[in-house]
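The primary structure of each chain is shown beneath.
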Amino acid sequence: MSFLQNDVPLNWYLLLSAVLFSLGVVGFLIKRNLITVFMSIELMLNAVNLSFVAFAYQWHEVKGQIFVFFVMMVAAAEAAVGLAIIIAVFRVRATLAVDRIDLMKL
Amino acid sequence: MNGSLHLWLIPLLPFAGFLVNGILGSRLPRWLVSTIGLLAPFLSFLLVLNAYALTSISAATCPGCSPVGAAALPYVEVFPHPWIAIGGLRADFSFFLDPLSLVMLLVVTGVGFLIHIYSVGYMAHEEGYARYFSFLNLFLFFMTVLVLAGNVLLMFVGWEGVGLASYLLISFYFKWDSAAAAGKKAFIVNRIGDFGFLIGIFLILASFGTLNFSQIAQVLALKAAWHGGLLTVICLCLLVGAAGKSAQLPLYVWLPDAMEGPTPVSALIHAATMVTAGVYLIARTHFLFDRAPIALAVVAIVGAATALFAATIGLVQNDIKRVLAYSTISQLGYMFLACGVAAYSAAIFHLVTHAFFKALLFLAAGSVIHAMGGEQDMRKMGGLRKRLPVTFWTMTIAVFTIAGFPPLAAFFSKDAILYSAFVSGTGGKILWFVGLLTALLTSLYMFRLWYMTFFGELRSPDVHPHESPLSMRAPLVILALLSICGGWIGIESFSAYLAPSVGFHPAVSNPSLEFILTLVAVLAALEGWLIADKYYRRKTERPAQLAAALPAGYKLLANKYYVDEIYGVVLVKPLFAFSQYVLGWVIDTGILGGIAWLLAGTANLSGMILQRWQSGNLRSYAAWLTAAAAALLLFVFHVPIGTYLGAHGIGLQLNLHWMGH
């Protein structure tokens, strides 16, 4: 344990978290495939989870870790609903390209 | 004051008739429509007679002893709940019965009922039978409200209401453009008069603090020294209203056109009752006019001028109803003349006799028109004496009456007016002379009508005139009898009866003078007859020769002094131009339309801009979300949080100390 505390400073974890989050954002914005977009969202969530855990470890606070459990729970539920929606959309539209799924447009 | 006269029923019965016939009439059989339409005015007439009988009993018996059911005049009925009560203004539904309104009611409901009977025959083959009777009943409702009103405001309600009924009935044949235009003309010209009346009402309210006739009279009685000034203004405003309703100069133009309506309507509304409302108004508010000598003089001048003016136009009209229309205007001028010399009872006396003989003239003319199959041009009539005997004899009585031959009704009333004018100062002599000249002209044009219609040969060979049905002949005969006897009561006893309402009529102080004046008036009427006899019976080619000899004068009269044309150029055209260019183009299209266009344009433009955000594309939303989040983050990290967000307690509880690590 002391190895972590001594050798890997908090900033590194935060940096990794930021990189993962940015990758998620960029993927979310530029990818056309709905499943990739979905995976990008998961990536962002996990990036946030990482920074939560890192902070909780740094400050010896258990709240951060509890938050992570919540996020994981929501992410699991979201994955179930989201994938179901994706399948339904695919059945109707026969495509998973995000640009083509513009039902909200007037 | 014991015993109720149920005055409120007098207007409400015709109103009920209006509602029933107006709503259900088109689904009811004709006999039922006629029954309802006749029953309402008949019951009202009975109630008026009842009121007359009961009040006469009370007047005849000794003061103190009161027979059962008798009532004394003036008699007031007030609806328990006030109509309007705002601050100092209080107006009630109050009905006021005094000799003046009683006489007027007798005329309105009595002649009205006769004309309802006549209408059953006259309108038998017309479309819109139920509509006609419902409008006629509506008119009676408003007219009785007008007459019975105890305050100026309620009178104004009746005043406007009869204007409405008049409009509806003038435009009864609404499929003809001319009838629709005539109705509009009557309505608009009356609006001008009503504007004056309304200003008068406001001024009365402002200066007396009340609208009740008897209270106004009381206030005036307390201020004995108050003459002229504001009272003159009030009276002139009321005169404008009266001139509009009673078709006096310069607002008479609507009445000749009003002849587009069915003939019984012309008889009832535009001869016997509604157009006399102006005279009634002046008599009703005589206590104001008595204190405003200038206004009285204006009334007299307007009346005399109208009488002469309309009579000259009547000389050359060829439409039988238009001759009668100008005659009506002229006779109303007589009544105004009488009001103007403060001989109110003489004015009301002439109003009553005029109601009889003018209704008779119109109904007889209607009978002629009916017999001629709708033809109104006298040049195409002639020789109807033998074919329409009842119409001929009743019309003859009416013609002799209006010409003023003794002992017929108008002889007495016209005589009273001329005498009153003669004895009222130096200016009165001029008024008398104008009245005398008008009497001559009246006699001339009436006998002209008589000769052209009934004598000579029938000038349209393909028409086969037939006498009218009994329902039309009976009112003719009754009105003929009234035209004969209506004046026998005499001005002395009539004015004595009216005295509580309009003050005493100056008694004849000089019997020999009165005899001479009477003789002169009868001679004038005789002269008019002789001229008509010469020109229209013996030498029928003479009128045309005369017209050819004086083309300018004839054209001036035939075109009614070009008054309609002058009004058209001076008033209507500029008003039209103003409406079209200034109101229509500049204000409506330019300013109002511009503002609306600007508002709509702004909304449209912002909508077009904002619309681009809502692309429906998921990734564009996501991009905006990201950009916004980034912007927020930048804002948070570059602005000292404590000063803005922290102070407002929004609680962005980021602890930033570790940033320094």
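Please refer to the structure higher up on the page.
Reference entry: report on the structure contained in this document. (Residues numbered from 1 in each chain as written. Chains lettered and ligands numbered in written order. Predicted model: local features only at pLDDT ≥ 70, side-chain atom pairs only at ≥ 80, totals over all residues.)

## As for the overall build of chain A
Heads up, the condition is: Put simply, DSSP H or I for four residues or longer makes a helix, DSSP E for two residues or longer makes a strand, and each gets a number counted from the N terminus. To assign burial, the other C-beta atoms lying within 10 Å of each residue's own C-beta are counted, with C-beta atoms placed from the backbone; 20 or more indicates buried, 12 or fewer indicates exposed, and intermediate counts indicate partly exposed. Residue pairs are scored as contacts if the distance between their C-beta atoms, which are placed from the backbone, is within 7 Å.
Counting its regular elements, chain A contains four helices and zero strands. Counting helices and strands in the order they occur from the N terminus, chain A gives α-α-α-α. Residue burial in chain A is summarised as follows: out of 106 residues, 11% are buried. Long-range contacts, defined as pairs at least 24 residues apart, comprise 46% of the intrachain contacts of chain A with a sequence gap of at least 6.

## Thoughts on the packing of helix H14 (residues 320–340) of chain B against helix H17 (residues 409–422) of chain B
All names here are of chain B. We apply this condition: A fitted line through C-alpha atoms represents every axis, and for helices the fit uses only the stretch in contact; the resulting angles, taken between N-to-C directions, go from 0 to 180 degrees. When an angle is under 35 degrees it counts as roughly parallel; over 145 it counts as roughly antiparallel; between 65 and 115 it counts as roughly perpendicular; any other value is oblique. Crossing handedness is read from the near helix: turned anticlockwise from the far helix by less than a right angle, it gives a left-handed crossing, and turned clockwise, a right-handed one. Put simply, Ala, Val, Leu, Ile, Met, Phe, Trp, Tyr, Cys and Pro go in the nonpolar bin, Asp, Glu, Lys and Arg in the charged bin, and everything else, Gly too, in the polar bin.
In contact at an axis separation of 9 Å, H14 and H17 are set at 40 degrees when each is read in the N-to-C sense. Here H14 is positioned oblique relative to H17, judged by the angle of their axes. Considering only the axes of H14 and H17, their crossing is left-handed. Facing Tyr334, Leu337 and Ala338 of H14, the residues of H17 in contact are Lys414, Ile417, Ser420 and Ala421. Among the residues making up the contact of H14 with H17, the classes are represented as five nonpolar, one polar and one charged.

## Some words on unusual backbone geometry
All names here are of chain B. Residue proline 250 is bonded to the preceding leucine 249 through a cis peptide linkage, with omega at -5 degrees. Structurally, proline 250 is set in the loop between helix H8 (230–245) and helix H9 (254–257). Cis geometry is found at the peptide bond from proline 406 to proline 407, where omega equals 0 degrees. Positionally, proline 407 belongs in the loop between helix H16 (389–403) and H17.

## Thoughts on H8 of chain B
Helical periodicity: at 3.6 residues per turn, an α-helix aligns residues three or four positions apart in one direction. Residues and elements named next belong to chain B. This is how it is decided: Expected helix span is computed as 1.5 Å times (number of residues minus one).
Over its 16 residues, H8 runs 23 Å from end to end, which matches the ideal 22 Å to within 8%, given 1.5 Å per residue. For H8, a buried count of 12 out of 16 residues is recorded, marking the element as mostly surrounded by other parts of the structure. For H8, the complete set of buried residues consists of Leu231, Ile234, Cys235, Cys237, Leu238, Leu239, Val240, Gly241, Ala242, Ala243, Gly244 and Lys245. Buried residues along H8 sit against helix H5 (152–170), helix H6 (177–208), helix H11 (277–284), helix H12 (286–290) and helix H13 (293–314). Alanine 247 sits one or two residues past H8 and shows a positive phi near 55 degrees.

## Section: the nonpolar core
Residue and element names in this part refer to chain B. What counts, and what does not: We call a set of buried Ala, Val, Leu, Ile, Met, Phe, Trp, Tyr and Cys residues a nonpolar core when their C-beta atoms link them within 7 Å.
Among the nonpolar cores identified, the biggest contains 212 residues, and Phe139, Leu337, Ala347, Ala359 and Leu360 are the most heavily contacted of them. Top contributing element to this core by residue count: helix H15 (residues 344–371), with 19 residues. The contact partners of alanine 359, leaving out residues within four places of it in the chain, are Val111, Ile115, Ala267, Ala271, Ala272 and Leu479.

The values are spatial; any link to function lies outside them.
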